[in-house]
Amino acid sequence: MDAADAGADLARVLFTEDEIHARLAELAAEIARDYAGKDLLLVGVLKGAVLVMSDLMRALPFSAPMDWMAVSSYGSGTKSSGVVRIMKDLDTDIGGKHVLVVEDIVDSGLTLSWIMANLATRLPASLQICALLRKPDAAKVDIDVKYVGFDIPNEFVVGYGLDYAERYRNLRCIGTLDPAVYS
Ligand code: IMP
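Residues numbered from 1 in each chain as written. Predicted model: local features only at pLDDT ≥ 70, side-chain atom pairs only at ≥ 80, totals over all residues. Heavy atoms only, no water.

(A) Summary view of the overall build of the protein. The number of helices and strands found in the protein is five helices and nine strands. Along the protein, from the amino end to the carboxyl end, the secondary structure elements read α-β-α-β-α-β-β-β-α-β-β-β-β-α. Projected onto its principal axes, the C-alpha coordinates of the protein cover approximately 50 × 35 × 30 Å. Expressed as a percentage of its 183 residues, the buried residues of the protein come to 46%. Counting only contacts in the protein whose residues sit at least 6 apart along the sequence, the fraction spanning at least 24 positions is 64%. In the structure as shown, the protein presents an accessible area of about 8,900 Å², 53% of it carried by carbon and sulfur atoms. In the protein, 18 positive and 26 negative side-chain charges are present, and the distance between their average locations comes to 3 Å. (Helix = DSSP H or I, 4+ residues; strand = E, 2+ residues; numbered from the N terminus. Buried < 20%, exposed > 50% of the residue type's maximum accessible area, 1.4 Å probe, protein only. Contact = heavy atoms within 4.5 Å. Areas by Shrake-Rupley, 256 points an atom, 1.4 Å probe, with all protein chains shown as cover. Lys, Arg positive; Asp, Glu negative; His and termini not counted. Charge placed at Lys NZ, Arg CZ, Asp CG, Glu CD.)

Now the structure itself:
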């Protein structure tokens, strides 16, 4: 789905597919440098991170396995509460492994703080985060995102894995929605 296919639903394009790919290639180069010679395990959080994971892992110059978690965060509408339940746990034991959590967006950071605390109890050799997008509110919680694609304003965005009520995940770009879509 392209921006043109979304028509008037899309208010503004923030990042084109090319810009996203270019930034992910830069992040992959940094990650490749930092994890050279180490066994890296990529951990994705369903479903938003699917597209970031798919492009990021292919941009790495070495083989890196992936594993997935699904969580549900209790919240109302577009806000998360930080109360999290694991819907699908990892298939692998991350004990002693170098784990990089791959995320689509860090908004309040509440969901990710919970996930990081949970993963830390499993004693990985290292535990870091790579997020394509980060919103300013994330700065208010104690969450260290080592690899950030883009810092964005406090607006609700869709596309490239990010949804509004499960829609627009397959949009190639990232953009904001027309307020009419929410009403
Ligand atoms: P947080 O706990 O507030 O950091 O939000 C976590 C999750 O909320 C993200 O992984 C997304 O799935 C979702 N989310 C937060 N902001 C947005 C947005 O702007 N668009 C789509 N989903 C979002």
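(B) Broad picture of the pattern of salt bridges. Per the stated rule, a full pass over the model turns up 15 salt bridges. In this structure, the salt-bridge partner of Arg23 is Glu26, at a minimum N-O distance of 2.7 Å. Pair noted here: Arg23 and Glu26 are both in helix H2 (residues 17-34), with a separation of three residues, about one helical turn. For Glu26, a relative accessible area of 46% translates into the label partly exposed. Two residues, Lys135 and Asp107, come together in a salt bridge whose shortest N-O distance is 3.8 Å. Here Asp107 lies in the loop between strand S5 (98-106) and helix H4 (110-120) and Lys135 lies in the loop between strand S6 (126-134) and strand S7 (147-151), a separation of 28 residues in the sequence. For the pair Lys135 and Asp107, a shared accessibility class is recorded, and that class is buried. (Salt bridge = Lys/Arg side-chain N within 4 Å of Asp/Glu carboxyl O.)

(C) Spatial organisation of the packing of aromatic side chains. Counted according to the given criterion, the structure contains four aromatic pairs. Centroid distance Phe156 to Tyr164: 6.2 Å. Interplanar angle 80°. Geometry classified as edge-to-face. A residue is classified by how much of its surface remains accessible, and Phe156, at 26% relative accessible area, is partly exposed. Between Phe156 and Tyr182, the aromatic rings sit 6.2 Å apart at their centres with planes inclined by 75°, giving edge-to-face as the arrangement. Of this pair, Phe156 sits in the loop between S7 and strand S8 (157-158) while Tyr182 sits in helix H5 (residues 179-182); the two residues are 26 residues apart in sequence, bridging distant segments of the chain. (Phe/Tyr/Trp six-rings, centres within 6.5 Å; stacked < 30°, edge-to-face > 60°.)

(D) Spotlight on the side chain of Arg23. In this structure the side chain of Arg23 is engaged in a polar contact, spanning 2.9 Å, whose partner is the backbone oxygen of Val148. Only 2.7 Å separates the side chain of Arg23 from the backbone oxygen of Gly149, close enough to count as a polar contact. In this view, Arg23 contacts Val148, Gly149 and Phe150; residues no more than four positions away in its chain are not counted. (Polar contact = N/O pair within 3.5 Å; in protein donor to acceptor, adjacent residues only side chain to side chain.)

(E) How the structure looks around the packing of H2 against helix H3 (residues 50-58). Relative to each other, H2 and H3 sit at 60°, their axes nearing to 9 Å. Put simply, H2 runs oblique to H3. In this structure, the crossing between H2 and H3 has a hand that is right-handed. The residues of H3 that touch H2, namely those facing His21, Leu24, Leu27, Ala28 and Ile31, are Val52, Asp55 and Leu56. Along the lines of polarity and charge, the residues of the contact of H2 with H3 split into six nonpolar, one polar and one charged. (Axes fitted to C-alpha atoms, helices over the stretch in contact; angles between N-to-C directions. Parallel < 35°, antiparallel > 145°, perpendicular 65-115°, else oblique. Left-handed = near helix turned anticlockwise from the far one by under 90°. Nonpolar A, V, L, I, M, F, W, Y, C, P; charged D, E, K, R; others polar.)

(F) Region of the structure containing the sheet that holds S8. Pairing is antiparallel in the open sheet, where three strands are placed in the order S1-S9-S8. Among the strands making up the open sheet, the edge pair consists of strand S1 (10-15) and S8. (Pairing = 2+ DSSP bridges.)

(G) Region of the structure containing unusual backbone geometry. Here the bond from Leu46 into Lys47 is cis, since omega is 0°, no more than 30 degrees from zero. Mapped onto the elements of the fold, Lys47 is located in the loop between strand S2 (40-46) and H3. Despite not being glycine, Ala165 has its phi angle at roughly 50°, a positive value. If you trace the backbone, Ala165 turns up in the loop between S8 and strand S9 (174-177). Classification of Ala165 as exposed rests on a relative accessible area of 59%.

From the geometry alone we can't say anything about function, so treat these as descriptive.
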